[in-house]
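# Architecture and fold: a report
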Amino acid sequence: AQSVAQPEDQVNVAEGNPLTVKCTYSVSGNPYLFWYVQYPNRGLQFLLKYITGDNLVKGSYGFEAEFNKSQTSFHLKKPSALVSDSALYFCAVRPLYSGAGSYQLTFGKGTKLSVIP
Amino acid sequence: KAGVTQTPRYLIKTRGQQVTLSCSPISGHRSVSWYQQTPGQGLQFLFEYFSETQRNKGNFPGRFSGRQFSNSRSEMNVSTLELGDSALYLCASSLGQGPDSPLHFGNGTRLTVT
């Protein structure tokens, strides 16, 4: 079974500073990895995904994520945080194989990001 | 292109009642998934449908059921509601049928059971 850990419930960062939201995963074989963001009273919005290839993935709104296979991590990063980035961020994993389990996206518990003006 | 539409946005039900939630996917998307979001358990997978077939089901009791219609619209039903069923229910659709296809979520239906 696959699992995702987001070790920080909350991350605070000053506006203009770089931000990192951490994620580690466990899955049989190679993973598909995703980051989503959720604003209050809204659904989740897709930010970026890692399938294969370059370990640094670029996504929406200036976010990027770095895949590290040896550390089984997929940390979300942004060079300069904006107040509008304040939201709940979810890391998610799906196994690479085809089959029933691959249709299930397993999410971490979420990390609340607060960007302080 | 319109996003994923979930109706209703809010529901208040009493223990023991049943409820049906509706989801209209993005046009052209044939895969629909349902998730339950609660503060304690986070996001938990309920089920996934593709072309009217349930391909995967999460670890929820049989009171939770769903279906998908030929136009890809989906419904989720919860019978004999319990207080613990209070949650935000999220529907998501995806274009591809493979696991690399990202999910596009609706804004959810917030169910409150009293």
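Above this text is the structure in question.
Attention here is on the structure that accompanies the text.

Quick notes on the rules
Residues numbered from 1 in each chain as written. Chains lettered and ligands numbered in written order. Predicted model: local features only at pLDDT ≥ 70, side-chain atom pairs only at ≥ 80, totals over all residues. Heavy atoms only, no water. Pairing = 2+ DSSP bridges. Helix = DSSP H or I, 4+ residues; strand = E, 2+ residues; numbered from the N terminus. Axes fitted to C-alpha atoms, helices over the stretch in contact; angles between N-to-C directions. Phe/Tyr/Trp six-rings, centres within 6.5 Å; stacked < 30°, edge-to-face > 60°. Buried < 20%, exposed > 50% of the residue type's maximum accessible area, 1.4 Å probe, protein only.

### Quick notes on the sheet that holds strand β3 (residues 19–24) of chain B
Each strand in a sheet pairs with its neighbour through backbone hydrogen bonds, running either in the same direction (parallel) or in the opposite one (antiparallel). Residues and elements named next belong to chain B. Pairing is antiparallel across the open sheet formed by four strands, whose spatial order is β1-β3-β8-β7. Where the open sheet ends on each side, the last strands, each with one partner, are β1 (5–7) and β7 (64–68). Across the sheet, the mean angle separating the axes of adjacent strands is 15° when strand polarity is ignored. Sheet analysis places β7 next to strand β8 (residues 74–78), joined by five bridges and oriented antiparallel. Each bridged residue has a counterpart across the sheet, and for Ser 65 the counterpart in β8 is Asn 77.

### Some details on the packing of aromatic side chains
Counted under the stated rule, the structure contains 16 aromatic pairs over all chains. Taking 5.6 Å as the distance between ring centres and 85° as the angle between the ring planes, the aromatic pair formed by Tyr36(A) and Phe105(B) counts as edge-to-face. Of this pair, Tyr36(A) sits in strand β5 (residues 31–38) while Phe105(B) sits in strand β10 (residues 104–105), which puts the two residues in different chains. For Phe105(B), a relative accessible area of 10% gives the class buried. Between the aromatic rings of Phe107(A) and Tyr35(B), the centroid separation amounts to 5.5 Å while the plane-to-plane angle is 90°, which identifies the pairing as edge-to-face. Here Phe107(A) is found in strand β11 (residues 106–107), whereas its partner Tyr35(B) is found in strand β4 (residues 31–38) on a different chain. For Phe107(A), a relative accessible area of 8% corresponds to the buried category. For Tyr35(B), a relative accessible area of 0% gives the class buried. Here the aromatic residues Phe34(A), Tyr36(A), Phe46(A), Phe90(A), Phe107(A), Tyr35(B), Phe45(B) and Phe105(B) are joined through ring pairs into a cluster of three or more.

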